[in-house]
Amino acid sequence: MRHFSELNPLAVTVYFFCVTGIAMFSSYPLLMIAALLGGVIFFIVRNGSSHARSHIFFLLLFIILALANPLMSHNGVTVLFVMNDNPVTLEATLYGLNSAAMIVGVLYWFRSFTQIMTSEKLLYITGALSPKLSLVLSMALRYVPLFSKQSKKIKDSQTATGLFSDDNIIDDIRGRMRIFSILITWALENGITTADSMAARGYGVGRRTQLRRFHFRRGDVLLLIVSLTLTGITAVALSLGKLSWNFYPAIEHSSPDILGICGISAYSALVLLPVIIETEVSLKWKYLLSRI
Amino acid sequence: MLVIKNQRLRNTIRVAVPFLVIPAVTILGSIAFDRKKHIIISLAVAALSLLLFAAGFEKKSTGTRRMVIIAVMTALCFAGRFIPFLKPISALTIISGMYLGGEAGFLVGALSAILSNFYFGQGPWTAFQMLAWGLIGFFAGLFSEPLRKHRPLLILYGAAAGVAYSMIMDIWTVLWYAEGFRTDLYIAALGTALPYTASYVVSNVLFLSLLAGPFGEKLGRIKIKYGV
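Residues numbered from 1 in each chain as written. Chains lettered and ligands numbered in written order. Predicted model: local features only at pLDDT ≥ 70, side-chain atom pairs only at ≥ 80, totals over all residues.

Some thoughts on the environment of Leu67(A)
All names here are of chain A.
Phase 1: Note that Leu67 resides in helix H3 (residues 52–72).
Phase 2: By the C-beta count within 10 Å, which is 14 here, Leu67 ends up partly exposed.
Phase 3: As for Leu67 and Leu97, which are separated by 30 residues in sequence, their C-alpha atoms are 7.8 Å apart. (Helix = DSSP H or I, 4+ residues; strand = E, 2+ residues; numbered from the N terminus. Buried ≥ 20, exposed ≤ 12 C-beta atoms within 10 Å, placed from the backbone.)

Notes on the nonpolar core
Phase 1: With 119 residues, the main nonpolar core has Leu31(A), Ala35(A), Val136(A), Ala140(A), Ala71(B) and Val72(B) as its most contacted residues.
Phase 2: Counting residues per element, this core draws most heavily on helix H3 (residues 64–80) of chain B, which supplies twelve residues.
Phase 3: Excluding residues that lie within four positions of it along the chain, Ala71(B) makes contacts with Val136(A), Met139(A), Ala140(A), Tyr143(A) and Gly191(A). (Core = buried A, V, L, I, M, F, W, Y, C linked by C-beta atoms within 7 Å. Contact = placed C-beta atoms within 7 Å.)

Comments concerning helix H6 (residues 131–160) of chain A
Residues and elements named next belong to chain A.
Phase 1: Over its 30 residues, H6 runs 43 Å from end to end, which matches the ideal 44 Å to within 8%, given 1.5 Å per residue.
Phase 2: Along its length, H6 shows its largest kink, about 30 degrees, at Tyr143, and proline Pro145 lies within four residues downstream of that point.
Phase 3: By the burial criterion, the buried members of H6 are Lys132, Leu133, Ser134, Leu135, Val136, Leu137, Ser138, Met139, Ala140, Leu141, Tyr143 and Phe147.
Phase 4: Positioned one or two residues after H6, Gly162 has a phi angle of 80 degrees, which is positive. (Expected span 1.5 Å × (residues − 1). Bend = angle between axes of the 7 residues up to and from the residue.)

A few points about the interface of chain B and chain A
Phase 1: On the chain A side, the residues contacting the 41 residues of chain B number 44 residues.
Phase 2: Looking at the side of chain B that touches chain A, the elements with two or more residues in it are helix H2 (38–59), H3, helix H5 (102–120), helix H8 (151–177), helix H9 (183–192) and helix H10 (194–226) of chain B.
Phase 3: Broken down by element, the residue count for the side of chain B that touches chain A peaks at twelve residues, all from H3(B).
Phase 4: Per-class residue counts for the side of chain B that touches chain A are 29 nonpolar, six polar and six charged. (Nonpolar A, V, L, I, M, F, W, Y, C, P; charged D, E, K, R; others polar.)

Comments concerning helix H1 (residues 9–25) of chain A
Phase 1: Between the first and last C-alpha of H1(A) there are 23 Å, a value that for 17 residues agrees with the 24 Å anticipated at 1.5 Å per step.
Phase 2: Pro9(A), Ala11(A), Val12(A), Tyr15(A), Cys18(A), Val19(A), Thr20(A), Ile22(A), Ala23(A) and Met24(A) are the residues of H1(A) that are buried.

Looking at unusual backbone geometry
Phase 1: Phi at His51(A) is positive, roughly 60 degrees, even though this residue is not glycine.
Phase 2: With 16 C-beta atoms counted inside 10 Å, the residue His51(A) sits in the partly exposed group.

Quick word on the pairing of strand S1 (residues 79–83) of chain A
Residues and elements named next belong to chain A.
Phase 1: Burial analysis of S1 places just zero of its five residues in the buried class, which makes it a mostly uncovered element.
Phase 2: Sheet topology note: the S1/strand S2 (residues 86–89) ladder contains four bridges and is antiparallel. In the sheet register, Val79 faces S2, and the bridge partner there is Thr89.
Phase 3: Hairpin connection, S1 to S2: the antiparallel pair is bridged by two residues, and Asn84 has positive phi, about 50 degrees. (Pairing = 2+ DSSP bridges.)

Here we look at the packing of H1(A) against helix H5 (residues 119–129) of chain A
All names here are of chain A.
Phase 1: Two elements in contact, H1 and H5, have axes whose closest approach is 10 Å; the angle formed by their N-to-C orientations is 90 degrees. In terms of orientation, H1 lies roughly perpendicular with respect to H5. Residues Pro9, Leu10 and Thr13 of H1 pack against Lys121, Tyr124 and Ile125 of H5.
Phase 2: Classifying every residue of the contact of H1 with H5 by side-chain character gives four nonpolar, one polar and one charged. (Axes fitted to C-alpha atoms, helices over the stretch in contact; angles between N-to-C directions. Parallel < 35°, antiparallel > 145°, perpendicular 65-115°, else oblique.)

Quick word on the confidence of the model for chain A
Phase 1: Mean pLDDT over chain A: 85, with 96% of residues reaching 70 or higher.
Phase 2: Mean pLDDT values for the elements of chain A range from 78 in H5(A) up to 93 in helix H2 (residues 29–47) of chain A. (pLDDT = per-residue confidence, 0-100.)

If you want it as structure tokens, here you go:
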């Protein structure tokens, strides 16, 4: 009984790549709508009514992307109206809407992905791929706050010795450059010391351990199997041409048979999977609390 | 952890990926989806080449000191992305490539892209950014001799890298938006990205001319003092 964000990072990553992969791979409008709606719903379930600015930004982006295609491209047979001697066609308009739904949907999914995949989980995944790279990444992450702390120290000591002034712009820039230069020298020397200390403590002798362990539990395996199966069904429907949709020159699409409908419903179930998990978890908590 | 422990399997992957898998993906992809959804193929190729690089890095016995210096440079790039309007990330990547070698340049570029995107937002573009910045660093390492000796050449390389970065990222914008590559959209994308391209070029030139000298001195000093 864990929240979606607490499941094994590997399973969560596979899930995200399945969802966004299908969205970027196909151009079937129903799948695009499912991806967009699923992304928005999941983002709202996670964040509530906050992030209003993100929503406004995405809305503006959607409008711009949807308008860009009919204004740029004049393919298509159904002319809606003529603007500046250029025909604006129905096909190009629909194509723009479809692309915009795909792009904004994928952006929403990745926004949630960025929230869920903290740097710790990134290290877990890169650690599986390459322990060395993961070490470099984790050190770089640790250095960012360290450097800002150190640069404040340097700035204070420079101010104390009277070398830093910010009343005119040239002096200000020169002062900042001096601080930066001192910081670089310090950072490099400090890095060497760290490396020597690591070597002295036996880095590279055995396998690296992790601060936090992520186990593969039943829920993770279940998520992995379910998302791969649902993606598989949609992928089969896509590759057999059951869900093809051409915009140019005239809209032409395959009428969905059983397999096509299966593909659409599998993808819809896939995009709703995290929302289902979240709802189940919160319902369970509510039930348990009411029993106490 | 899922580290591939079998030495033979690892070697097979290292040979198979560049010579079999990447060409196969490209050719099969373009046959199967003729002109449609090139984005998936290019994403797959970008991801595979990054994986290949990671595998190569894992195999080599890079010294701990070298790795720590790469981490330091990556952290500086990450911190530099917070400066408004100016982006020192390419300049720092070029400097790392120039003084620490092509591999270090690639790593600094690619890793700072993936790290800073945890703050600025991950997306399918992460792979392209990693590849673009990585290649900027890698080529700086490849031409390190002339770049170190001739300052105008370095400035020119910085400006060219800014333009190239913008052009690579716009290819990806077009591929994502339309099915297949379209020249009219590409030109439009380049036009709208013009302010960004200008900011990349200006910041590369500015930071390279400000930082290349002092950084070279410092890295050279570290090399002599500690024998990295």
